[in-house]
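Coordinate analysis (summary)
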Amino acid sequence: MEATSSSVAGVRPSLTKERTSRRSGEQAIKGLLLFAALLSVLTTTGIVIALARETIDFFREVPIADYLFGTKWTPLAGGDQQSFGVLELVHNTLYLTGLGLLVAVPLGLGSALYLAEYASPRFRRIVKPILEVLAGVPTIVFGYFALSFVTPLLKDIGFDLGTFNALGAGIVLGILVLPTIATVADDALTSVPGSLREGAFGLGASKVQVSLRVIFPAALSGVVAALVLGASRAIGETVIILVAGGQAPEITWDPTEAMQSMAPFIAATSQSDIPAQSVEALTIFAVGATLFLMTLVLNLVAIRFVRRYRQVYE
Amino acid sequence: MSVAETTITRRVVERASRGEKTKDLLFRSVLLLCIGIAFLSLGALVFDVIRDGGSKLSLEFLTDFPSRVSPERSGIQSAIVGTLLLMALCAAFIVPVGVATAVYLEEYADRDRWWNRLIEVNIQNLAAVPSVVYGILGLAFIVRDPLALGRVLLAGALTLGLLVLPVVIIVAREAIRAVPPSIREGSMALGATQWQTIWKQVLPGALPGIATGVILALSRAIGETAPLLVIGAATFARFNPGDLTSDAFTALPLTIFRFISDSNTEFQSLGAAAILVLLALLVVMNTGAVFLRNRYEQKW
Amino acid sequence: MRSDTWLAVLASGALALGAVACGGDDEAGGGNGGGGGDESQALSGTITIDGSSTVQPFAEAAAELFNEENPGVKITVGGSGTGDGFEKFCRGETDISDASRPIEEEETAACKMENITATEVQVANDGVAVITNKALSIPCAKTEELKALFESGAKTKTYADANPQFPAEEISLFTPGPESGTFEFFAEEINEQEKMQREDNVQTSSDDNVIITGVSGEENAIGYLGFSFYEQNQDKLNVIDVDSGSGCVKPSLETIQSGEYKPLARPLFMYPSAEKAKRPEVKAFLDFALENHQEISEAAQIVPMTEEQASKSKQAIEGA
């Protein structure tokens, strides 16, 4: 099941053992491409370096145990109120991302399925670009949208919300991420070979069955890529939560209350008036490093999952 | 869907029982509803923005420079030019690098080597790093040593490029992966080298997907404020950057951010109008890529 | 062929945009600018200003008016925050740093390491207004009463707990977050605590406009923010006059400027580097800004300095 599109690997050498000039040309190209790929490693190294030194400085002042296991995050408060427990931020980040995905995944995959399997080519050509425009709306617009439209709307429906609340921010976060999931998943679904569809129909399956049981699993790799991209965007999203989520010192599971996650904290603090060398400023780097590690772990899990279940056709 | 598929589907639907037809219709409506909700949100958003800022749109708005002293004479020319140049430079960076990386990972890399796995995980991880951290990265290494470009357009474009590069790579990879191996094998069998196969067969086949990736990437980049703020782009500049490597610059999202956060409601309306301009730019930019996508789309 | 036509359209569109971009390269700026400018100095160069977003409007207005007489000088203004502004300033990346608080020792030391001397120049004043929802009526409050409502460890549950004459409504606070200079300032002056504020019944935001939305949206809400934000939204909010021992003082341009609005008035600064100020365009800009500070502050909707404060600032520049 590990066969991939590079399954040709075993066949390749014998086919291209031709004129040497061609061969070295090929090698040169391969080298160039590898170089491009290494840029991503360079970027990560850069990020790690940029974060590491200040993070180490931070941990000279704040004990790691306090940071990792404390449940109160009020680093900028004075005196007794100051507390560096990152757990709250981590909880909030996962909570808000979860809320956002709860909205974005069904809507996004639903839209993708419709576009790929039911929509006419013309419908698709018009609708898909419009969805992509949604992905380009500056996030500050979404933030104000959450505050001035979504929260009042939810209040009208009957939820008892504070002005800043996780529910409004989470929903709008989902709307932000929706086009990413929809368009990438749609691409994945459309590239499933037609022969699969026809075969399934030929066996008497209904359209619903074909979509859900045949096409979807076949496009799993692409769909998961869409979900991963969407989740990544949600985890790192800054401005929406900054504007509409507010801040709250304690951990809460209540979506009607305010919440601040890791990325907006970094943004708000770096924009602030605190001196750049203080321990408060160093929190930016510590939180940045934590976020980085967190997403690394999540991604490793996702990759393992895909590798196990991916299928290749043809 | 091809003619053959449509015919088959129709026959299938005709044969379906009443229960199955209802189920199908229900399913279809639910899916359509999903798209509907997305559209409604976009509509509400745009409507909100138009209501706030539509009145401020005019030719002078596009050609004037920002004014603190007289909001009526305030325009966003420097921001528009900044954004256009940023996007052009950014695209020039991410398309070759992104596609090259994707091609390497899909066509050349031996999956069992640990360094190739490392690159893969790397890229996926980078997609989740918040834009502020990219700002920190850009400030630390692009604006300052070792690249030491200063707070100029090129630095901004590279920083944004690094931010959205993972999107291009991930989506391009999926697109390349979706090209059936039979195409490659057929091409090789006819005597083409690997690169020729990629260049002439695989990439054109993957073009629609790659276009989607570039669209998503640039859409993200055009609206990003935080990284530009951190690297020191100006939010107020009354001139267009003449030299890409030595002049300071500003861009639309920064101007929008500035206007919207102002206490003066005049400026807030200007901010809304600037958002409309940004969306218009975005649509124009996307149209180009969408056009490419539609032209080359094919079903295997 | 259809597709090629499209490509042509796109290409010409891009060319057209490029033409606009290049064409618009000459400085704008009203040719109908005020007097002077006969001294054909033809100043040129660039000035980079960054720092506090509170001072930013002043810097922008100054840059614009200065440009009317000296179109050859390219000035950019950023708003990355007082702290970040100093960081860039002390590395020599900016020429002038805007600040809503005086420079701190660590920052001066960091500057010294790069041989940069920061000169403190006050340019304007700022005040913090205490606001309430239109339905909540608290015309005047003593600083001790405000402290009882806002401080960390506050025991008050309703406004009447601080003063029986206040409405017996449950307290609901909207304030800037702890990363804000306004927060720090208020905490120091009113709560008399360093960066501490009560944690219950409080909603914070880093965006002043959002605070306005919050306070005007909840009936028993109270909050505080920069004066100019209140001034622009007087129709949506009530303001509380502050009594620091000598009677109720309403925040206004005059009371903030004169210092009568105690203790919630503070100076705003620009810190040019002494070395950079030697450049003719920088010197001219600073002189211009102080000479015309009244007009600039008005344009920026910021509280101007008194003449006394202005002459002190002028001396600071001369000395630099």
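Keep in mind that what you see is a predicted model, and the values were worked out from it rather than measured.

Most of strand E2 (residues 73–77) of chain C is tucked away, with four of its five residues classed as buried. The pairing of strand E1 (residues 236–237) of chain B with E2 of chain C spans two bridges and is classified as antiparallel. Bridge pairing in E2 of chain C links Ala237 of chain B to Thr76 of chain C. Where strand E1 (residues 45–51) of chain C and E2 of chain C come together, five bridges link them in parallel fashion. Bridged to Thr48 of chain C within E2 of chain C is Thr76 of chain C.

The subject of this paragraph is the interface of chain A and chain B. Each partner contributes residues to the interface: chain A has 106 residues there, and chain B has 97 residues. Buried surface at the junction of chain A and chain B, summed over both partners, amounts to about 9,200 Å²; 70% is from carbon and sulfur atoms. The tally of links between chain A and chain B comes to zero salt bridges. Taken together, the links from chain A to chain B amount to nine residue pairs in polar contact (both at pLDDT 80 or more). Per-element tally for the side of chain A that touches chain B: the top contributor is helix H2 (residues 20–61) of chain A, with 19 residues.

Looking now at the domain arrangement of chain A. All names here are of chain A. According to the domain assignment, chain A consists of domain 1 (2–61) and domain 2 (73–309). Between domain 1 and domain 2, the C-alpha centre-to-centre distance is 29 Å. Regarding the contact of domain 1 and domain 2, the summed buried area is about 910 Å², with carbon and sulfur atoms giving 82% of it. Sorting the residues of domain 1 by area buried against domain 2 places Leu51, Glu54 and Phe58 first, and these three jointly supply 55% of that buried surface. Each residue belonging to the side of domain 1 that touches domain 2 can be placed in one class, and the counts come to five nonpolar, two polar and four charged.

Cut-off values and rules
Residues numbered from 1 in each chain as written. Chains lettered and ligands numbered in written order. Predicted model: local features only at pLDDT ≥ 70, side-chain atom pairs only at ≥ 80, totals over all residues. Heavy atoms only, no water. Buried < 20%, exposed > 50% of the residue type's maximum accessible area, 1.4 Å probe, protein only. Helix = DSSP H or I, 4+ residues; strand = E, 2+ residues; numbered from the N terminus. Pairing = 2+ DSSP bridges. Contact = heavy atoms within 4.5 Å. Buried area = accessible area lost by both parts, 1.4 Å probe. Salt bridge = Lys/Arg side-chain N within 4 Å of Asp/Glu carboxyl O. Polar contact = N/O pair within 3.5 Å; in protein donor to acceptor, adjacent residues only side chain to side chain. Domains from an automatic or database assignment. Nonpolar A, V, L, I, M, F, W, Y, C, P; charged D, E, K, R; others polar.

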